[in-house]
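Examination of the molecular architecture
One letter stands for each residue in the lines below.
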Amino acid sequence: QVQLVESGGGLVQPGGSLRLSCVASGTIFSIYVVGWYRQAPGKQRELVASITSGGSTVVTDSVQGRFTISRNNAKNTVYLQMNNLKPEDTAAYYCNRVPVGYAWGQGTQVTVSA
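We now turn to the structure provided with this report.

Points about the overall build of the protein
- Within the protein one finds zero helices and 10 strands.
- Reading the helices (α) and strands (β) of the protein from amino to carboxyl end gives β-β-β-β-β-β-β-β-β-β.
- In summary, the protein has a C-alpha radius of gyration of 13 Å against a globular reference of 13 Å for 114 residues, a match within 12%.
- Overall, the protein is about 40 × 25 × 20 Å in size when its C-alpha atoms are taken along their principal axes.
- Relative to its full complement of 114 residues, the protein shows a buried share of 44%.
- Partitioning the intrachain contacts of the protein with sequence separation of at least 6 by distance along the chain shows that 55% fall at a separation of at least 24.
- Put simply, the protein shows about 5,900 Å² of open surface, and 50% of that area lies on carbon and sulfur atoms.

Comments concerning the state of the cysteines
- Under the criterion given, the structure shown has one disulfide.
- The disulfide bridge from Cys22 ends at Cys95, spanning 1.7 Å between sulfur atoms. Taking the torsion about the sulfur-sulfur bond, which here is approximately 55 degrees, the covalent link between Cys22 and Cys95 counts as right-handed. Of this pair, Cys22 sits in strand E3 (residues 18-25) while Cys95 is found in strand E9 (residues 91-97), placing the two residues 73 residues apart along the sequence.

Reading guide: rules and limits
Residues numbered from 1 in each chain as written. Predicted model: local features only at pLDDT ≥ 70, side-chain atom pairs only at ≥ 80, totals over all residues. Heavy atoms only, no water. Helix = DSSP H or I, 4+ residues; strand = E, 2+ residues; numbered from the N terminus. Rg over C-alpha atoms; globule rule 2.2 N^0.38 Å. Buried < 20%, exposed > 50% of the residue type's maximum accessible area, 1.4 Å probe, protein only. Contact = heavy atoms within 4.5 Å. Areas by Shrake-Rupley, 256 points an atom, 1.4 Å probe, with all protein chains shown as cover. Disulfide = S-S within 2.5 Å.

See the structure below:
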């Protein structure tokens, strides 16, 4: 079965940066569109960035210019570089296939606070 393991989250001050990683096993991740989702407590999970097998990317307006999604197909890994973080970016971050995903991984918590 497919396993998704996210890492790289943590506590950061506003304006800081983090780089998240997601490693997939049990699937040929490279052939799919994949993305990063986030979910804050009591809120809906939202897709914030996605990337195709060929490297085309889409990011949601609220993170445009601050977040960059990338992938290393040889490593079955997708990354999210997050710069100029804001308190409203605080959430648990998850990776998955887009739009139809696998079972969710454990996520990685990003907390932006002064």
